Amino acid sequence: MATTVAQIDAWRSAPSEHQNLEFKEAKNQFDNDKLYRTCVAIANEGGGHLLLGIADARPHAVVGTAAFDNPVKMAAKMFNALGFRVNIEEVDHPDGRVLVFRIPSRSRGTAFQYQGAYLMRAGEGTVPMSEDCLRTIFAEGQPDWLEEPAVINCPDEKVIELVDTQGYFDLMKLPYPSDRPGVLERLAGERIISAESGGWTITNLGAILFAKNFKDFSGPIARKAPRVIVYDGQGKSETLQDVIGVKGYAVGFQGLIGFIKGVVPSNEVITQALRREVEMFPAIAIRELVANAMIHQDFSQTGTSLVIEIYSDRMEISNPGKPFIPIDRFIDEYQSRNERLADLMRRIGICEEKGSGIDKVIAHVEAYQLPAPDFRVGELRTTAVLFGHKSVEEMDRDDRVRACYQHCVLRYVMNQPATNQSLRERLRLPETKVATVSQIIAATVEAGKIKIANPGQTSTRYRNYIPYWA
């Protein structure tokens, strides 16, 4: 179906560009190499659209493009260069000529490459795919790890012995069936178990979420139990507690969160001359980050698990595997590694709807006046760090830039302007500190994390700021 002016305007009204939608001005021309790289990256993200002749910045004005005056010839050239067909349409928009590149999705279990590099989106650019991401793509044609058997040939009573069936029905807010066949039928419908000729197979999904005791499952399941380590001080030299979880993620989640909250240090604050103890971290931030670590881990990595490390000044929550999206887009984007597990955890109320978890973390961290969380990607693990309270004076440049960027993204997602005043309120600084806030904003702009929404606004006090990718 041909692209219409109305469709182009609908794309322009989207809150932001994303992995499947990209705007480029290209008023006069567009580099072929950049075009090829962008198309390969979008194809590897599931396909989408590249539009030339539209400004990158909101409100994505149509500026028109003179690039590629022969779309048919260019489409043939792209097919020879890339090995897959990209359809190119010319649309006569009232404000100028727009070229629409319709980019297909890669096939399941395969990824496209250009000049020997497998590419994916990163902000407005393209980067080589990580080994972790490639491994996941190439494994798509293979059985899902969560669907593989944890225990086979189980009689009815063995399933009831190993799987917390009561916990499942309680979490689902369903009445417990009056007979065992009814229980097993429901579990089979969720693919927690599957019927085989020799009895029942408990899937890895069922064991991970509803195990009564991880130790009852040999092999990789037992090593996926969450681990909580409490240190004395800010380093690892002395360990106070090292506890490995017993129950499956779903049935043990509330207990795990309760244990973490019980061992996290508290802060002493003074209000109206009275001293009182308050939680170091907002409970919802702990809950969301632990749930995210469970959902987004790479289960194919052996001998590794979810780890929560608690220090006197911070908490680090890490999971095996690298994320599918850049850490700068954690607040506004979402892509689950284990969608079946995520779906079950959403339905039983452990995690939020798609993409609404990290923004809640940031919002509550801001309400607690804590330093911005730090998201780190290592060779094998992804880590989220929550910090204890610091005054603005105690924050270093990285702390300040991170706080400013995350505040700007959060305001953008909420469709609210990020200004000197809003950041000053986030940092709880008096009006006399306007200059300090301006310095933080300038440092964040210099770091390439945010940009001025309206460059024509000359007053720094009243300028609005948006993320660099918006």
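The following refers to the structure shown. These numbers come from a predicted model, not from an experiment. (Residues numbered from 1 in each chain as written. Predicted model: local features only at pLDDT ≥ 70, side-chain atom pairs only at ≥ 80, totals over all residues. Heavy atoms only, no water.)

A few words on the overall build of the protein. Broken down by element type, the protein carries 15 helices and 20 strands. Taking 23 Å as the expected radius of gyration for a compact globule of 470 residues, we find that the protein reaches 25 Å, a close match to that expectation. Its C-alpha atoms give the protein principal-axis dimensions of about 70 × 70 × 40 Å. Counting all 470 residues of the protein, 50% fall into the buried class. (Helix = DSSP H or I, 4+ residues; strand = E, 2+ residues; numbered from the N terminus. Rg over C-alpha atoms; globule rule 2.2 N^0.38 Å. Buried < 20%, exposed > 50% of the residue type's maximum accessible area, 1.4 Å probe, protein only.)

Here we take up the sheet that holds strand β8 (residues 149-154). Spatially, three strands are ordered β8-β10-β9 in an open sheet, and the strand pairing comes out antiparallel. At either margin of the open sheet sits one strand with a lone partner, and together these are β8 and β9 (193-196). The sheet shows a mean angle of 20° between the axes of neighbouring strands, direction not considered. Here β9 runs beside strand β10 (residues 199-203); their pairing, made up of four bridges, is antiparallel. Bridging from a neighbouring strand, I193 pairs with I202 of β10. (Pairing = 2+ DSSP bridges. Axes fitted to C-alpha atoms, helices over the stretch in contact; angles between N-to-C directions.)

This paragraph deals with the sheet that holds strand β7 (residues 125-128). Reading across from one edge, β5-β6-β7 is the order of the three strands in this open sheet, with antiparallel pairing throughout. Where the open sheet ends on each side, the last strands, each with one partner, are β5 (113-114) and β7. Contacts from helix α2 (residues 32-44) reach β5, β6 (117-122) and β7 within the one sheet, and its direction differs from that of β6 by about 80°. (Contact = heavy atoms within 4.5 Å.)

When β5 meets β6, the two strands line up antiparallel, connected through two bridges. Paired with Y114 across the strands is A117, a residue of β6. The hairpin turn running from β5 into β6, its antiparallel successor, is two residues long, and Q115 in that turn takes a positive phi close to 50°. Sheet topology note: the β6/β7 ladder contains four bridges and is antiparallel. Bridging from a neighbouring strand, R121 pairs with T126 of β7.

Of the consecutive residues R58 and P59, the connecting peptide bond is found in the cis state with omega at 10°. Along the chain, P59 turns up in the loop between β2 (48-52) and α3 (71-82). Its identity as a non-glycine residue notwithstanding, F68 has a phi of 50°, on the positive side.

Contact geometry for helix α10 (residues 283-296) and helix α12 (residues 357-367): axes closest at 9 Å, N-to-C directions at 150°. Between α10 and α12, the angle is such that the two are roughly antiparallel. α10 and α12 meet at a crossing whose hand is left-handed. Touching I284, A285, E288, L289 and N292 of α10 are G357, I358, K360, V361 and H364, all from α12. (Parallel < 35°, antiparallel > 145°, perpendicular 65-115°, else oblique. Left-handed = near helix turned anticlockwise from the far one by under 90°.)

Per the counting criterion, the structure on display carries 13 aromatic pairs. Between the aromatic rings of Y36 and Y114, the centroid separation amounts to 5.7 Å while the plane-to-plane angle is 70°, which identifies the pairing as edge-to-face. One end of the pair, Y36, is in helix α2; the other, Y114, is in strand β5, with 78 residues separating them in the sequence. The pair formed by Y36 and Y114 is uniform in burial state, with each residue classed as buried. Both rings, one in Y118 and one in F138, keep their centres 5.9 Å apart while their planes meet at 80°; by these two values the pair is edge-to-face. Taken together, the residues span a long stretch of sequence, with Y118 in strand β6 and F138 in helix α4 (residues 131-138) at a distance of 20 residues. Through successive ring pairs, a cluster of aromatic residues spans Y168, F169, Y176 and F210. The side chain of R85 reaches across the aromatic face of F79, ending 5.1 Å from its centre. Positioned above the aromatic ring of Y405, the side-chain terminus of K449 is 5.7 Å from the ring centre. (Phe/Tyr/Trp six-rings, centres within 6.5 Å; stacked < 30°, edge-to-face > 60°. Lys NZ or Arg CZ within 6 Å of the ring centre and 35° of its normal.)

Overall, the coordinates contain 26 salt bridges when judged by the stated rule. Linking R227 and D242 is a salt bridge whose minimum nitrogen-to-oxygen distance equals 2.6 Å. Of this pair, R227 sits in strand β11 (residues 227-231) while D242 sits in strand β12 (residues 239-244); the two residues are 15 residues apart in sequence, bridging distant segments of the chain. Taking the relative accessible area as the measure of exposure, D242 reaches 39% and is therefore partly exposed. Salt-bridge contacts for R329 lead to D332; the nearest nitrogen and oxygen are separated by 2.8 Å. For D332, a relative accessible area of 22% corresponds to the partly exposed category. (Salt bridge = Lys/Arg side-chain N within 4 Å of Asp/Glu carboxyl O.)

Time to look at the pairing of strand β15 (residues 307-310). What you see with β15 is no split at all: V307 and E309 on one side and I308 and I310 on the other are buried throughout. Direction of pairing for β11 relative to β15: parallel, over a ladder of four bridges. Each residue of the ladder has a partner; that of I229, found in β15, is E309. As paired strands, β15 and strand β16 (residues 314-320) are joined by four bridges and run antiparallel to one another. In the strand pairing of β16, E309 is matched with E316.

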